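Each chain, written out:
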Amino acid sequence: MSTATAPSTMMMIDAIRDALDVALDLDDAVFQLGEDIQDPKGGGFGVHKGLETKYGSERIRCTPISEQAIMGAAIGAAMAGMRPVAEIMLMNFISVAADQLFNHAAKLRYMSGGATPIPLTVRTTTGAGAGFGAQHSDMLEAALIHTPGLKVVVPSTAADAKGLLLSAIFDDDPVVVVEMSSLYFGVRDEVPAGDYRVPLGQARIARAGTDLTLITYGKQVLDCLAVAEQLAAEGISVEVIDLRTLQPLDTHAIFTSVSKTRRAVVVHEAVTRGGFGAELSAQIHSELFGELLAPVGRVGGADTPVPYASSLEQSFLPTSRIEPAIRAVLG
């Protein structure tokens, strides 16, 4: 459903706040909880600024510095019919609440024969490149996707950040929305006003092409688009797919594109070994083995914790390895 009106240009962080504002206004069952999210701070990155003043402290609730408490309270509220939006300030800290998320939220609908939906949204942020250090920068989406019962979203534009978050909040299953901190203030685009939703499970063709398909999400969409633009000057036509939702996965969009180009490279920021790219590669090989002109390439973070030193952190990121991987697959 979408009842959006004329768009306005805004940064991703403002688009996320706008989505939260719309959700709170639409449904009294929506409330938010997390560390320091009340005014004047509005959370670690200021996403919630102004919302407590508008909706009150009962619906914008500060919590102790305890991810287990945040997740446990949110799951209980979801079981009771509320629509909680829980902020886990940094993605690394999801591991602290892994039992609640993986062993309870993800399984309760299944274990109750469908009688207990869990309309829980977990917002979290992460990403290398900002000097946050090894314990605050990991992309852990592979663990989330490996857990049946969880939906996983990673937006790359301000409009998608709003539209996907609103869809997540009004979904009756638990959804983890992974926001990459480098995009909060680094991305600005047109965002529809009002109740604007992007359906979960629908990828976006960010750039059309014919020679090779780049499959990616989050910040790496911007990196892939930049490389595709550079290669276009050489007559190399690269299609870029922004997955937007990792679970449910839009395999139709992936297979359709790779069937056309017959070559593919998967790009993500998480460490390559055991990353989501391996699953994507396996599915493409299984479905399109007879059509591929080359094995699917994989590009990811270096096999190391995220470094703190700026020069090493830039080397960790996959950015400089995208173009060589494309050329290798093109042969």
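Basis of the calculations
- Residues numbered from 1 in each chain as written.
- Predicted model: local features only at pLDDT ≥ 70, side-chain atom pairs only at ≥ 80, totals over all residues.
- Heavy atoms only, no water.
- Pairing = 2+ DSSP bridges.
- Helix = DSSP H or I, 4+ residues; strand = E, 2+ residues; numbered from the N terminus.
- Axes fitted to C-alpha atoms, helices over the stretch in contact; angles between N-to-C directions.
- Buried < 20%, exposed > 50% of the residue type's maximum accessible area, 1.4 Å probe, protein only.
- Arc of directions from axis to C-beta.
- Contact = heavy atoms within 4.5 Å.
- UniProt positions renumbered as here; feature names shortened; annotations may be inferred.
- Salt bridge = Lys/Arg side-chain N within 4 Å of Asp/Glu carboxyl O.

This part covers the sheet that holds strand 4 (residues 83-90). In spatial order, the strands read 3-2-4-5-7-6-12; together these seven strands make up an open sheet with mixed pairing. The open sheet terminates on both sides in strands that have one partner only, identified here as strand 3 (60-62) and strand 12 (245-247). The average undirected angle you get between the axes of adjacent strands in this sheet is 20°. Pairing between strand 5 (residues 121-126) and strand 7 (residues 175-180): six bridges, direction parallel.

With that settled, the discussion passes to helix 13 (residues 322-330). Turning to helix 13, its buried residues number three or more, namely Ile-322, Ala-325, Ile-326 and Val-329. Relative to the axis of helix 13, the buried residues are bounded by an arc of 100° and lie together on one face. Tucked into the core, helix 13 has its buried residues touching strand 10 (212-216), helix 9 (219-232), strand 13 (264-271) and strand 14 (297-301). One or two residues past the end of helix 13 sits Gly-331, with phi positive at roughly 75°.

Spatially, five strands are ordered 9-11-10-13-14 in an open sheet, and the strand pairing comes out mixed. The open sheet terminates on both sides in strands that have one partner only, identified here as strand 9 (204-207) and strand 14. Mean inter-strand twist for the sheet, computed between neighbouring axes without regard to direction, equals 25°. Of the strand pairs in this sheet, strand 10 and strand 13 are connected by three bridges, and their pairing is parallel. Note that in strand 13 the partner of Leu-214 across the bridge is Val-265. On the sheet, helix 9 packs against strand 9, strand 10, strand 11 (238-242) and strand 13 and is oriented at approximately 45° with respect to strand 9. In the packing of helix 10 (residues 251-261) onto the sheet, the strands contacted are strand 10, strand 11 and strand 13, and the crossing angle to strand 10 comes to about 155°.

Moving on, we get to the UniProt feature "domain: Transketolase-like pyrimidine-binding" (unreviewed entry) in the protein. In this structure's numbering, the residues bearing the UniProt feature "domain: Transketolase-like pyrimidine-binding" (unreviewed entry) are residues 10-186. As annotated, residues 10-186 comprises 37% helix and 19% strand, and the C-alpha atoms at either end are separated by 11 Å.

Next up on the list: the pairing of strand 4. With seven of eight residues buried, strand 4 lies mostly within the body of the structure. Bridging between strand 2 (residues 30-34) and strand 4 involves four bridges; their strand directions are parallel. What sits directly across from Val-30, in strand 4, is Arg-83. Of the strand pairs in this sheet, strand 4 and strand 5 are connected by five bridges, and their pairing is parallel. Bridge pairing in strand 5 places Ile-88 opposite Thr-124.

Attention now moves to unusual backbone geometry. Residue Pro-40 follows Asp-39 across a cis peptide bond; omega there is 10°. Looking at where Pro-40 falls in the secondary structure, it is placed in the loop between strand 2 and helix 2 (51-55). Even without being glycine, Asp-36 reaches a positive phi, approximately 60°. Along the chain, the position of Asp-36 falls in the loop between strand 2 and helix 2. Even without being glycine, Arg-244 reaches a positive phi, approximately 65°. The residue Arg-244 is located in the loop between strand 11 and strand 12 in this model.

In this section: the pattern of salt bridges. Going through the model one piece at a time under the given rule, you end up with 22 salt bridges. The partner of Lys-54 in a salt bridge is Asp-21, and the shortest N-O contact between them spans 3.0 Å. Of the two residues, Lys-54 is situated in helix 2 and Asp-21 in helix 1 (residues 12-26); the sequence distance between them amounts to 33 residues. Between Lys-151 and Asp-173 there is a salt bridge, with the nearest N and O atoms lying 3.6 Å from each other. Separated by 22 residues along the polypeptide, Lys-151 in strand 6 (residues 151-153) and Asp-173 in the loop between helix 7 (158-169) and strand 7 bring together distant segments of the chain. Overlapping salt bridges, with partners in common, bring together Arg-109, Lys-151, Asp-171 and Asp-173 in one network.

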